[in-house]
Amino acid sequence: MLKSVLKARAKSFLSISLKKRTFLSNDYKCNENWNSAISSPLLNKINLNDFYNKLDQTHSSKGIISAIDVDIFANAVTEPVHLEELKDLLHKLRLSAETGSMLESTSHATVRHSIKFDYVDELIQMLKDPLNYGLFLDDYSANILLNELLVKKNYTQAADIAALIMLQEEYNNDILCSLCQYSSYMFIKNYVEPEPAVMEENNKKVEEIKIRVKFLRNPYFDDHFDIKDRLKLAGKTLAWISEKTSNTLNNNLQLIGWLIYKKYDQLLATSEELCTNTKFRIYNEVIDLLNKELHKVEPEKKEVLEKCISLLAKIEIIPTKPSLQASLTDNIENAINKTQEKDVAAQKELFILWEKTRQLKLEEQSHRLDRVKRVQIIEEKQRQLQEEEQKLWFFENEEKIDLQIEDKEKLVDKTQTKKKVLTAIDENYIPPEILPKRR
Amino acid sequence: MATGTVIKYVGRTTDFKGKSLGEIVGSLKNFGVGRIIVRSVFLRYPEPSFMKIVKVQTCPDEERRRVRVGVEKTFRGQKLPNITEIYRTSYKTDYQLIPKREETRLLESINTIGNKADVILPNSIEMPPLMKLFIIKDHEKKGLETSKDFMMPLSYNQSPNRTNKIAKANEQPTIKFTMGLGKPVSPSLYDGIPL
């Protein structure tokens, strides 16, 4: 009896120590609803390998690929191999005109399956390249993906995802915003400057390839989609997401954001505004970051930073106990408590809606293909009937046919005589001899 | 020892500043419906000009990929009533996306332009000198009296962006167009010629 109790205790102890810190509960992922959605009769009937080959063939022969086919493929993925094929199909779809009718369920299914089959690195590559793949995160798939990455403490990739969310400028879901803020802050906190790559001596032969384009592009940096520096992106994410609502945590994160994004003028403006707000209190971490940056920054910008620091020095500091990280995690949990049920209900509805849309679009497509086939068959029949008519009505139309034959013969004659004239000229013609000029 | 390759592009130069519509619209969820874009060349005017995307239809890939976009266009502060379609010019790398946080500011900037004095364009203009002489001679030959003043109706190229009013029957235009040469830079060259 004692042994069993000890065993049970040991098990529970192990499970507690192995339990990773996850934010979203399993309920959020709506796994049962999702699994029932993807095991619908429509998707079960398909053999994915044949389906991929067929889609590939249609694309190479006719140059068309349909959005609904790719959607069905994405939802019916059962093995990691299929994810490679899905990537290829998404690329082909993006380069065709059909990309305008791509369904949202395609992106959601791709994200879910990539997480399941550990294809996350490639997934993030695809998400970062919407011009070639057309994958976008919706609120729920983003939450699930961020949760996965934060559980593994992969702050770099989580900050990447947060940056993608910021680029789309849709900050409606509280859980998503709080998770993005947490990811960006943890990335900034644990950021280590990479060593500058050693530039090799360039005395190698440089081969210049010239490519002709219609118009040359002038260099243009739009400071939004063109930012490639992860740290700057994380700063911008923090700044833009925290601008939405004004509370102590958000204001502090805004300050960090503008600082890391290097928009010191905006930082100054925000600090001045916050000074006038009597309820505002500042975290130690923010002041530490400001001071750290002061040492690293160029002398011209130092003035602005020092101004900010002096302004913010007058503000009451929050005691070290609720650290910024802890406040962030509290924020996430509050958001989850507030919005989890709504999100779960919304997801369930979405799955049903997507199922219906898929059916509808599939029917539309099959109707369209049927119609094309029928038109082809009718034209074929018409041709056959015409031939038969010619045969049956031959004797009535004999005179007309004779006239037609005469016309055709005349045409043939003309072309033949032309050739003869040419050859006649050729025989009598002796080309002149060209001797090299002697200077 | 690898040889480095440098790619040099050869082609016509432009003074466009920005990205092509396809790139902007392809990087946004739902193809950017509801977002505001701006064309860099229209920024040269003092009044704000921008376009709000209403409908997007994608087109197949080609060297400079185009996209069919329906926009509500506001040109130089005037909002055009109909939806303009951008297709043939969507390849131009001249478009810029306006972030959502600056949208309200842009939309309100129209209200602060201030009413500039309404310009009324004339609906008739003096005849050219040669035409006048011709008519006088013609009337003499035919024996008609030349009692008219020599004015002829003026027609303008209509376009949705041109919003200046044309004077109707009794209105006084605010600008007058003349057939004269105006004030020449060196009057000595025009001695004795009525301008």
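Residues numbered from 1 in each chain as written. Chains lettered and ligands numbered in written order. Predicted model: local features only at pLDDT ≥ 70, side-chain atom pairs only at ≥ 80, totals over all residues. Heavy atoms only, no water.

(A) Representation of the sheet that holds strand β3 (residues 50-58) of chain B within the structure. All names here are of chain B. Strand order in this open sheet of five strands is β5-β4-β3-β2-β6, and the pairing throughout is antiparallel. Two strands bound the open sheet, and with one partner strand each, they are β5 (78-86) and β6 (95-97). Across the sheet, the mean angle from the axis of one strand to that of its neighbour is 35 degrees, orientation sign disregarded. In this structure, strand β2 (residues 36-39) lies alongside β6, joined through three bridges in antiparallel fashion. Bridging across to β6, Ile-37 finds its partner in Leu-97. (Pairing = 2+ DSSP bridges. Helix = DSSP H or I, 4+ residues; strand = E, 2+ residues; numbered from the N terminus. Axes fitted to C-alpha atoms, helices over the stretch in contact; angles between N-to-C directions.)

(B) Focus on the domain arrangement of chain A. Residue and element names in this part refer to chain A. If you check the domain split of chain A, you get domain 1 (22-192 + 322-383) and domain 2 (245-318). The interface of domain 1 with domain 2 comprises nine residues on the first partner and eight residues on the second. Considering only the surface of domain 1 that becomes buried against domain 2, Tyr-185, Ile-188 and Leu-324 emerge as the three largest contributors, covering 57% of it. Our count for the contact surface shared by domain 1 and domain 2 stands at three residue pairs in polar contact (both at pLDDT 80 or more). Within the residue set of the side of domain 1 that touches domain 2, elements represented by two or more residues are α12 (174-189) and α18 (324-392). The dominant element in the side of domain 1 that touches domain 2, judged by the number of residues it contributes, is α18, at four residues. Tallied by class, residues from the side of domain 1 that touches domain 2 come to five nonpolar, four polar and no charged. (Domains from an automatic or database assignment. Contact = heavy atoms within 4.5 Å. Buried area = accessible area lost by both parts, 1.4 Å probe. Polar contact = N/O pair within 3.5 Å; in protein donor to acceptor, adjacent residues only side chain to side chain. Nonpolar A, V, L, I, M, F, W, Y, C, P; charged D, E, K, R; others polar.)

(C) Broad picture of the confidence of the model for chain A. Mean pLDDT over chain A stands at 87; residues scoring 70 or higher make up 92%. Low confidence marks residues 14-19 of chain A, where pLDDT is under 50. Its contacts with residues over four positions away, or in another chain, come to zero contacts. (pLDDT = per-residue confidence, 0-100.)

(D) Seen up close, unusual backbone geometry. The phi dihedral of A:Lys262 falls on the positive side, at around 65 degrees, and the residue is not glycine. Turning to its location among the elements, A:Lys262 is positioned in the loop between α14 (248-260) and α15 (264-276). Even without being a glycine, B:Asn30 presents a positive backbone phi close to 60 degrees. Exposure remark for B:Asn30: the relative accessible area of 58% places this residue in the exposed category. (Buried < 20%, exposed > 50% of the residue type's maximum accessible area, 1.4 Å probe, protein only.)

(E) Molecular detail of the side chain of A:Ser107. Residue and element names in this part refer to chain A. Mapped onto the elements, Ser-107 comes out in helix α7 (residues 104-116). Note on Ser-107: relative accessible area 7%, which makes it buried. Excluding residues that lie within four positions of it along the chain, Ser-107 makes contacts with Met-102, Gly-134, Leu-135 and Phe-136.

(F) Geometry of the nonpolar core. Core analysis: the biggest nonpolar cluster contains 129 residues, and A:Leu145, A:Ile161, A:Ile256 and A:Leu267 have the highest contact counts within it. Other than its neighbours up to four places away in sequence, A:Leu267 contacts A:Leu255, A:Trp258, A:Leu259, A:Leu290, A:Leu305 and A:Cys308. (Core = buried A, V, L, I, M, F, W, Y, C linked by side-chain atoms within 4.5 Å.)

(G) Quick look at the interface of chain B and chain A. Contacts between the two partners involve 42 residues from chain B and, on the opposite side, 36 residues from chain A. In total, about 3,800 Å² of surface goes out of reach between chain B and chain A, with carbon and sulfur atoms giving 53% of it. At the junction of chain B with chain A, the criterion picks out six salt bridges. Linking B:Arg35 and A:Glu169 is a salt bridge whose minimum nitrogen-to-oxygen distance equals 2.6 Å. Here chain B and chain A share 25 residue pairs in polar contact (both at pLDDT 80 or more) between them. Top element by residues in the side of chain B that touches chain A is strand β1 (residues 4-12) of chain B. It accounts for nine residues. Within the side of chain B that touches chain A, the residues separate by chemical class into 14 nonpolar, 14 polar and 14 charged. Inspection of the sheet shows strand β1 (residues 206-215) of chain A paired to β1(B) by eight bridges, in the parallel sense. Across the sheet, A:Ile211 pairs through a bridge with B:Tyr9, a residue of β1(B). (Salt bridge = Lys/Arg side-chain N within 4 Å of Asp/Glu carboxyl O.)

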